[in-house]
Amino acid sequence: MARILRNSLKLPKKQALFALNRETMRDTMVYLLLLMTTLCLPDTIRITYRYLTEESGTSLDLFITQLIVLLPFIIMFLTVAGVSALAGLAYIIRTMTKRKLAYHQLWKMTGYALTLPILIVIIIRIMEWSHWLFTLIPLGLLYILLYKMITTFPKRKSA
């Protein structure tokens, strides 16, 4: 995972891009789930602290079940759905630039390109900045990275 993180932070360099394309889909999924869990961790800690310090209508058993079972499933679902939607937009970029890339390649590229934007979101949340512009910065960075990564690949031959 350290190798994947290191290469993801080096994107859009060609060497890092091609090294990440050789990673298996299983490793990509594990990496993304760890990344998203890291993103959700401060909120999970905040919710747990609030539950333990305030009076709640939920039993401790139910809360622990939700925390241990439901939260990971929600993170998995949102990760797959979110990366798939963002990869759909990357597919549009691929089509406009006429590059030779399949959707599964774009999906993996999108997942790895999310590393730096997610780290920026974590910093924004820690600093408690709440301006609407701070939402656009990571998204803009993601698509700049994706555009540069997509244009690294050769164009399709004209028919």
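Here, residues in each chain are numbered from 1, in the same order as that chain's written sequence. It should be noted that, the model being predicted, local features are given only for residues of pLDDT at least 70 and side-chain atom pairs only at 80 or more, the latter also being counted only at that level, while totals for whole chains, interfaces and linings use all residues. As a rule here, side-chain values come from all non-hydrogen atoms in the structure, and water together with hydrogens is ignored.

## What to know about the packing of aromatic side chains
- Stacked, edge-to-face and tilted are the three classes for Phe, Tyr and Trp ring pairs, Trp counted by its six-membered ring, which pair at centre distances within 6.5 Å; planes under 30 degrees apart are stacked, over 60 edge-to-face, the rest tilted. With the rule as written, the count across this model stands at 4 aromatic pairs.
- A ring pair is formed by Tyr-31 and Tyr-112, whose centres lie 5.9 Å apart and whose planes are at 45°; its orientation type is tilted. Here Tyr-31, found in helix α3 (residues 25–53), pairs with Tyr-112, found in helix α5 (residues 103–113); they are 81 residues apart in sequence, far enough to count as distant. Secondary structure elements follow DSSP: runs of H or I no shorter than four residues count as helices, runs of E no shorter than two count as strands, and numbering proceeds from the N terminus.

## Things to note about the pattern of salt bridges
- We define a salt bridge as a contact between a side-chain nitrogen of Lys or Arg and a carboxyl oxygen of Asp or Glu at a distance within 4 Å. Applying the stated criterion across every chain yields a total of 4 salt bridges.
- Note that Glu-23 and Arg-3 form a salt bridge whose closest N and O atoms lie 3.0 Å from each other. One end of the pair, Glu-23, is in the loop between α2 (14–21) and α3; the other, Arg-3, is in helix α1 (residues 2–10), with 20 residues separating them in the sequence.
- Note that Asp-43 and Arg-125 form a salt bridge whose closest N and O atoms lie 2.3 Å from each other. Within this pair, whereas Asp-43 is found in helix α3, its partner Arg-125 is found in helix α6 (residues 115–127), the two being separated by 82 residues in sequence.
- Each residue gets one of three labels from its accessible area relative to the maximum for its type: buried under 20%, exposed over 50%, partly exposed in between, using a 1.4 Å probe on protein chains only. Note on Asp-43: relative accessible area 23%, which makes it partly exposed.
- The class for Arg-125 is partly exposed, based on a relative accessible area of 37%.

## Considering a nonpolar patch on the surface
- Judged by side-chain polarity, Leu-52, Leu-60, Ile-64, Ile-68, Val-69, Leu-70, Phe-73, Ile-74, Met-76, Phe-77 and Leu-78 come together as a nonpolar surface patch covering roughly 1,100 Å² of accessible area.
- If you tally residues by element for the nonpolar patch, the top one is helix α4 (residues 60–97), at 10 residues.
- Assignment of secondary structure puts Phe-73 in helix α4.
- Taking the relative accessible area as the measure of exposure, Phe-73 reaches 51% and is therefore exposed. Each patch is assembled from residues with relative accessible area greater than 30% and no salt bridge, linking like charges that lie within 9 Å and nonpolar side chains (Val, Leu, Ile, Met, Phe, Trp, Tyr) that lie within 5 Å. Only the protein chains shown count as cover for residues, and the accessible areas themselves come from Shrake-Rupley with a 1.4 Å probe.

## A closer look at the packing of α2 against α5
- Under this scheme, a helix contributes an axis fitted over its contacting stretch, all axes are lines through C-alpha atoms, and angles between N-to-C directions fall in the 0 to 180 degree range. Interhelical geometry of α2 versus α5 gives an angle of 120° and a closest axis separation of 10 Å. Comparing their axes, α5 and α2 come out oblique. For the pair α2 and α5, the crossing hand works out as right-handed. Contacts from Leu-17, Leu-20 and Asn-21 in α2 reach Lys-108, Met-109 and Tyr-112 in α5. Angular relationships are summarised with four words: roughly parallel below 35 degrees, roughly antiparallel beyond 145, roughly perpendicular across 65 to 115, and oblique for the angles in between. With the far helix as reference, a near helix turned anticlockwise by less than a right angle produces a left-handed crossing, and one turned clockwise produces a right-handed crossing. In this description, contact between two residues means that some pair of their heavy atoms is separated by no more than 4.5 Å.

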